[in-house]
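Observations on chain architecture
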Amino acid sequence: MTNIKRFITAMAAMGILTSASLQAAAADGLEINHLGVNNTLVRVEGGDQFLMLPVQENIDDARINVLVDGKIAETIYVRLAKSKTDFMVPYDLSPYKGKEVILDIVTPQGRSSVREAKEDACWKGMELVDPFVMPDTEKKYRPLFHHAPLYGWMNDPNGMFYKDGVWHLYYQYNPYGSKWQNMTWGHSTSTDLINWEHQPEAIRPDGLGSIFSGSSVIDHEGTAGFGKDAVVALYTSAGTSQMQSLAHSLDGGRTFVKYPGNPVITLESEARDPNMFWNDVTKEWNLVLAHALDHEMLFFTSPDLKTWTLQSAFGKGEGSQDGVWECPDLFKLPVDGTGEEKWVLICNINPGGPFGGSAVQYFVGDWDGKTFKADTDAEGKVPTKWLDYGKDNYALVSWSDAPDGRRTAIGWMSNWQYAADVPTMQFRSANTLPREIGLFKGPDGQIYASSAPSPELTAMRGRLALSKGSVKAGKNPVSFALPSENSGICEILLDIDGGSKEDVTLTLSNKAGNKVDMVYDAGKHTMSFDRRESGIVDFSENFPVVTVSPTFESNGRISLRIFIDRASIEVFGNGGEFVMTNLVFPTEPYSTLSVSSLGGKAKISNLKIYSLKQS
Ligand code: FRU
């Protein structure tokens, strides 16, 4: 490693560097050499410190080859700041302790001379720190009780498992910016599904590609040869093509060792997001893989998680075919009140959702360990079913080995249509609340999946800000103040009896004129959510919409639980039989709930509002 300080001093003594350019040259411990208009080398010593990289949001990525011992250790893509720094991201130098690290940086086109390239804001802003401090600059929209990364971009949750009292949540993560790139498995843990601890990244890109979505299982019997109770992950290596790769962890999911025989599944066309589980009946591993562009799911079996045999496919021509099929899940559940059990096949789809963009589609049917057969409706057709009638629940999958036979699931609370444009920058985005998936028989005799808030969430209840046995709501709205502590973060509960045709409107509003209207139409058995005037909506033409959900009841009665957490509203109806998850960006917190009913005949009761807190 060059002694950088000595190098700069010597140059200055020789009169080569002016004091201004000296300052521009580098922070302590860095040597920056511009090699051309778009190519710069940054030299630094590996060790227990972080190289802070200045990022500018709306420019193109620079490609950085990280060279160690003359080899490319990894390649990352970062929007290195050109004219201004929007935020900083840390690059961890600890894997390269005692070695010289050279960042070979190719910046995007657009500089006309080396002199101009030298002026890029990133060169002056890079610095070495230990530890790094990440200022929370976006409190306004940072959720209190939803999982969100500290910084960087997040999409799908994946690879989740529960072990020894800990819920492990992995997610599609870009640690170097707030747009999709550098896909890595980020990792967070929780013992209560409310308080999340950020952990070091779990699986990073390698020569086979970046690390796309997948799943993890606990190999209780050690079938893969990694030992009993090893955590085994299967993910998509996304390089030139998509392949499936294996990794295992012997420290409870904190660090993973990649399998030297990777990839373990290759196909002739795009396939991703492997989701596997142990089949207790057939005593082998089962796997669902999204055959994305073919709009179908492929099913495999394996004795040892390493060798997989293709058994069948499901989906061609079924359900929504308007987008790629991604992020599958497959599990068995009892059907509420029937004594029957059914299988649920989750097929996330993008675009093609009921309100545009991405959404969670599912099928109910039977699975014999090799083939999935979907239930049909009265006309013999396979119905298209949606798990969430909001716009912001995607890539929902469930935890392996959840306790007490629970089927706990979580989604990415955004939509591919505008996820990269939402008005946050330091982090994008959050997960939905965790949900318990169940099955129930709808009024049409079909079996549907419900998703109820996980029971742990009641522990967040703080002050009971309002409790009303019954509410007289006529044409003129009656209004109630929402709690003002914690930016109005709260849970609202109420029951509505709309009789045979009543129209009941719940409005959340603030003094800035932002509002959300939620209308229950007892006659049509629907509930709508209008966020067209909810706050900042103009960052995408696809954001200001009204979403509408069937309420799956036939008696005009619904019970609602509504969670508001700064930039999201989740409406759970009738114990999760209908759900709407929608993002909102109010310019100030909603402060009022108003209730009205068109005919003045609706009975509204058991209205409770709790402020919410994290323990
Ligand atoms: C779904 C998805 C997956 C893929 C991942 C990449 O949102 O497209 O199919 O594995 O995102 O980040």
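Please read all numbers here as calculations on a predicted model, not as lab measurements.

Attention shifts here to the site of the ligand. Close to the ligand lie 13 residues; Asp156, Gln172, Arg272, Asp273 and Glu326 are nearest. Within the side chain of glutamine 172, one N or O atom sits 2.6 Å away from an oxygen atom of the ligand. At 3.1 Å from an oxygen atom of the ligand is found a main-chain nitrogen or oxygen belonging to serine 213. Looking at the shell around the ligand, the elements that each hand over two or more residues are β9 (152–163), β13 (210–219), β17 (272–279) and β21 (324–334). When its residues are assigned to classes, the shell around the ligand shows 6 nonpolar, 3 polar and 4 charged.

Along its sequence, the protein chain is carved into domain 1 (3–129), domain 2 (152–453) and domain 3 (459–612). Computed over C-alpha atoms only, the centres of domain 1 and domain 2 are separated by 38 Å. Roughly 1100 Å² is buried in total at the junction of domain 1 and domain 2, and carbon and sulfur atoms are behind 51% of that figure. Considering only the side of domain 1, the residues that lose the most area to domain 2 are Glu57, Tyr77 and Phe87, jointly responsible for 42% of the buried surface there. Where domain 1 packs against domain 2, one counts 2 salt bridges. Of the charged contacts, one joins arginine 428 and glutamate 57 as a salt bridge, the two residues approaching to 2.8 Å between their closest N and O atoms. Of all the secondary-structure elements, those providing two or more residues to the side of domain 1 that touches domain 2 are β5 (71–78) and β6 (87–92). Tallied by class, the residues present in the side of domain 1 that touches domain 2 amount to 8 nonpolar, 1 polar and 5 charged.

Criteria and thresholds
- Residues numbered from 1 in each chain as written.
- Predicted model: local features only at pLDDT ≥ 70, side-chain atom pairs only at ≥ 80, totals over all residues.
- Heavy atoms only, no water.
- Near = heavy atom within 4 Å.
- Polar contact = N/O pair within 3.5 Å; in protein donor to acceptor, adjacent residues only side chain to side chain.
- Helix = DSSP H or I, 4+ residues; strand = E, 2+ residues; numbered from the N terminus.
- Nonpolar A, V, L, I, M, F, W, Y, C, P; charged D, E, K, R; others polar.
- Domains from an automatic or database assignment.
- Buried area = accessible area lost by both parts, 1.4 Å probe.
- Salt bridge = Lys/Arg side-chain N within 4 Å of Asp/Glu carboxyl O.

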